[in-house]
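Geometric and topological summary
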Amino acid sequence: MAKREKTVSMIDTLAEFKELKNIDKETMINVLEESFRNVIAKMFGTDENYDVIINPEKGDFEIWRNRIAVEDGRVEDPNLQISISEAHEIDPDCEVGEEVTDEVHFADFGRRAILNLRQTLSSKILELQKDNLFAKYKSLIGYIVVADVYQVWKKEVLLLDDEGNELLLPKSEQIPNDFYAKGQAIRAVVQRVESENNNARIYLSRTDKRFLQRLFELEVPEINDGLITIKAIARIPGERAKIAVESYDDRIDPVGACVGMKGSRIRGIVRELRNENIDVVNYSTNTALFIQRALSPAKISSIRLYEDEHKAEVSLRPEEVSLAIGKSGLNIKLACMLTDYTIDVFRDIDAVNEEDIYLDEFADEVDTWVIDALKNIGCNTAKAVLAMKREEIIERADLEEQTVDDLISILKAEFEDEIGDETGEVPGETPEEIDGVGETVAVQPEDAGEETAEDPVPPEDAVETENTIIHEQENRGEPEAGNQE
């Protein structure tokens, strides 16, 4: 009776152990059977003639030993053979050479065997627990987990999950403005899982791009449902980030959906990232347009791509250059990371002293679809279009020749009108050339005053255009009769 109580007590302990370690029933049965067989093999040299039956529902087990009946006095191995006399006590109909099966009570093996079983079982379950932990977090790589801060060290932070497993957040994977207190619950993404000395080491990250992606998936239902896709992410942790999104439903504005009403959706993400500025832009398969959007809020004048080298040269008006570069160069650095292109920014020298006009202002003369086609190749202003060759516009914008010719005529006419208004040129007259050296003097209005034509022109008033230097100076011709008087 005492032996039976010992067996039941051991099974109850194992059942509690199973609940504590959260191991499924089938795995627990396999571990128990393997542990029993290991102990039997150590005691008798082999376990091949033993059957171990475990019933987890009732919480008990049975061990049956199979031996061959031999004549009395000829038993060589008591573990594998049994005398015919002893066999008849088990099975009266048994004959020599037949197999006889009898039940073995594990408690009869003694205290040492039970302790050996407990040690073996604990070792196997611990090993199984480590494997399960490694496999669990290996499948969670790239996903967000929540853990409590347990201890803060100089180079890393130790966290504990709901099951008490240890997680590590290295200093290099922390946002610069992060501050942690013991017991504080924080969110981070599982970055990698390593095995050291058969122990799983789980590393988390709050600076990984996937952390930003998962936060958007949690805050924006359309992303989680697959209606909006995150195409690219560029991030400088704690400073600024850019994210490119695309919608498969024309009725959904991907940028608006990510930002939310009055920034309600993105505000929570910014707060989680310690006030990290986030720019959300529309993704485009058109590289020029995508680069243009990535450089927002700057507006580019023209762009030239070198796809083989993954390089782009962007021209901007002087006032737009600082916006394109951004504070500490963050904007252009993130744009390069987002588009995977090396972007070189050039100041549009022609725009320093000449006014440019955005194409949208020609909407009353040029069709909207033509303007959109030009924007798609990086031309937002009139001078950006005029700076390109006619054939290049036809090829890149996929426009008809007549359409391009009409467009160029409209744009040129606009600038000719502006020049005429500014200089007061009389239609049909041409500027005068001086000494045939390519210098041109613009004719001033009649009320130019009494300044003499010999007054020198400050160098800063000169504007270089291809091979011509235009000076703003007084008319060298004879003064009008009214002025002479």
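Structure shown above.
These remarks concern the structure in this document. (Residues numbered from 1 in each chain as written. Predicted model: local features only at pLDDT ≥ 70, side-chain atom pairs only at ≥ 80, totals over all residues. Heavy atoms only, no water.)

**Notes on the sheet that holds strand E6 (residues 156-160)**
- Reading around the barrel, the five strands line up as E5-E6-E7-E9-E8 and close back on themselves, with mixed pairing between neighbours. Ignoring which end each strand starts from, the neighbouring axes of this sheet average 50° apart.
- Pairing of strand E5 (residues 144-152) with strand E8 (residues 185-196) involves five bridges; the strand directions are antiparallel. Across the sheet, the residue bridging to Asp-148 is Ala-185, located in E8.
- The strands touched by helix H4 (residues 111-138) within the sheet are E5, strand E7 (166-170), E8 and strand E9 (199-205), with E8 carrying the most contacts at an inclination of about 120°.
- Packing of helix H5 (residues 209-219) onto the sheet brings it into contact with E5, E8 and E9, and relative to E8 it is tilted by some 135°. (Pairing = 2+ DSSP bridges. Helix = DSSP H or I, 4+ residues; strand = E, 2+ residues; numbered from the N terminus. Axes fitted to C-alpha atoms, helices over the stretch in contact; angles between N-to-C directions. Contact = heavy atoms within 4.5 Å.)

**What to know about the environment of Arg-390**
- Mapped onto the secondary structure, Arg-390 falls in helix H15 (residues 390-397).
- Spatially, the C-alpha atoms of Arg-390 and Ile-408 are 8.4 Å apart, while their sequence positions differ by 18 residues.
- Apart from the residues lying within four places of it in its own chain, the contact partners of Arg-390 are Glu-401, Val-404, Asp-405 and Ile-408.
- A polar contact is formed between the side chain of Arg-390 and the side chain of Glu-401, at a distance of 3.5 Å. (Polar contact = N/O pair within 3.5 Å; in protein donor to acceptor, adjacent residues only side chain to side chain.)

**Some details on a negative patch on the surface**
- A cluster of like negative charges, contributed by Asp-91, Asp-93, Glu-95 and Glu-98, occupies part of the molecular surface.
- For Asp-93, a relative accessible area of 64% translates into the label exposed. (Patch = residues over 30% accessible without salt bridge, like charges linked within 9 Å, V, L, I, M, F, W, Y side chains within 5 Å. Areas by Shrake-Rupley, 256 points an atom, 1.4 Å probe, with all protein chains shown as cover. Salt bridge = Lys/Arg side-chain N within 4 Å of Asp/Glu carboxyl O. Lys, Arg positive; Asp, Glu negative; His and termini not counted. Charge placed at Lys NZ, Arg CZ, Asp CG, Glu CD. Buried < 20%, exposed > 50% of the residue type's maximum accessible area, 1.4 Å probe, protein only.)

**Notes on the sheet that holds strand E13 (residues 300-306)**
- Pairing in this open sheet of three strands is mixed, and the strands run E13-E14-E15 from one edge to the other. Both outer strands of the open sheet, E13 and strand E15 (342-347), are each paired with one neighbouring strand and no more. Across the sheet, the mean angle separating the axes of adjacent strands is 20° when strand polarity is ignored.
- Packing against the sheet, helix H9 (residues 287-294) makes contact with E13, strand E14 (311-316) and E15, and its axis sits at approximately 130° to E13.
- Across the sheet, helix H10 (residues 318-325) is in contact with E14 and E15; its angle to E14 comes to roughly 135°.

Just geometry here; none of it tells us what the structure is for.
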